Amino acid sequence: MRVKISIAAAGAAVAALAVAESAAMTEPAASPAAKKRPSLTIVKSDFGRVLANGRGRALYVFTSDDGKTSNCYGDCARAWPPYIVNSKPRAIDPARLGLVGTTRRSDDRLQATYDGHPVYYYVGDNAPGEVLCQAIEEFGGIWYVIRASGKVVR
């Protein structure tokens, strides 16, 4: 059986496929885990028990932030991505619910906070509990992991 496809129909199909592939690269389909409420927990690290996201990635605070106001944008945010959330994270024990919050960044995204500090990842940390840049001075401040109490690890 022979199937005839017009050039216009074939072109439209190719264009639709290109759009679908482009969308797949920039916006992956939301998994059930992605739809869950963000969370903060405490994990074991070389620096003791420290704050992490729900998947165990260590979170840091930046001494150049002004209270709940983040001062990490551009190159800083590429090296130290803020923990962006869509709602207030839940606290997984022993993280303390009373210390969990959010702040609105100047780019209008919502960032998780802990004990009033915006929290960030380090781009080089990949494994749960991995802390590669503790007490590092960079981008005009020092980066520290934080304990369940809200105190920075010095």
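Source: prediction; values computed, not measured.

### Section: the confidence of the model for the protein chain
- Looking at the protein chain, the pLDDT average stands at 83 and 77% of residues meet or exceed 70.
- Across residues 1–31, where pLDDT falls below 50, the model places three contacts with residues more than four positions away in sequence or in other chains.

### Things to note about the packing of aromatic side chains
- Under the counting rule described, the total for this entry stands at seven aromatic pairs.
- Ring centres of phenylalanine 62 and tyrosine 120 lie 6.5 Å apart, and the angle between their planes is 80°; on these two criteria the pair is classed as edge-to-face. Of this pair, phenylalanine 62 sits in strand S3 (residues 60–62) while tyrosine 120 sits in the loop between strand S8 (117–118) and strand S9 (136–138), placing them 58 residues apart in sequence. You'll find phenylalanine 62 and tyrosine 120 in the same group, each marked buried.

### A look at the pairing of strand S1 (residues 39–45)
- The buried fraction of S1 is high, at six of seven residues.
- For S1 and strand S5 (residues 90–91), the ladder comprises two bridges, and the chain directions are parallel. By the bridge assignment, serine 39 is partnered in S5 with arginine 90.
- Bridge analysis of S1 against strand S2 (residues 48–53) gives six bridges, and the strand direction is antiparallel. When the sheet's bridge partners are listed, serine 45 is paired in S2 with glycine 48.
- Two successive antiparallel strands, S1 and S2, enclose a turn made up of two residues.

### Regarding the state of the cysteines
- Counted under the stated rule, the structure contains one disulfide.
- Disulfide partner of cysteine 72: cysteine 76, at an S-S distance of 2.1 Å. Across the disulfide from cysteine 72 to cysteine 76, rotation about the S-S bond amounts to roughly -110°, and the bridge is consequently left-handed.
- By relative accessible area, which is 0% here, cysteine 72 ends up buried.

Scoring rules and cut-offs
Residues numbered from 1 in each chain as written. Predicted model: local features only at pLDDT ≥ 70, side-chain atom pairs only at ≥ 80, totals over all residues. Heavy atoms only, no water. pLDDT = per-residue confidence, 0-100. Contact = heavy atoms within 4.5 Å. Phe/Tyr/Trp six-rings, centres within 6.5 Å; stacked < 30°, edge-to-face > 60°. Helix = DSSP H or I, 4+ residues; strand = E, 2+ residues; numbered from the N terminus. Buried < 20%, exposed > 50% of the residue type's maximum accessible area, 1.4 Å probe, protein only. Pairing = 2+ DSSP bridges. Disulfide = S-S within 2.5 Å.

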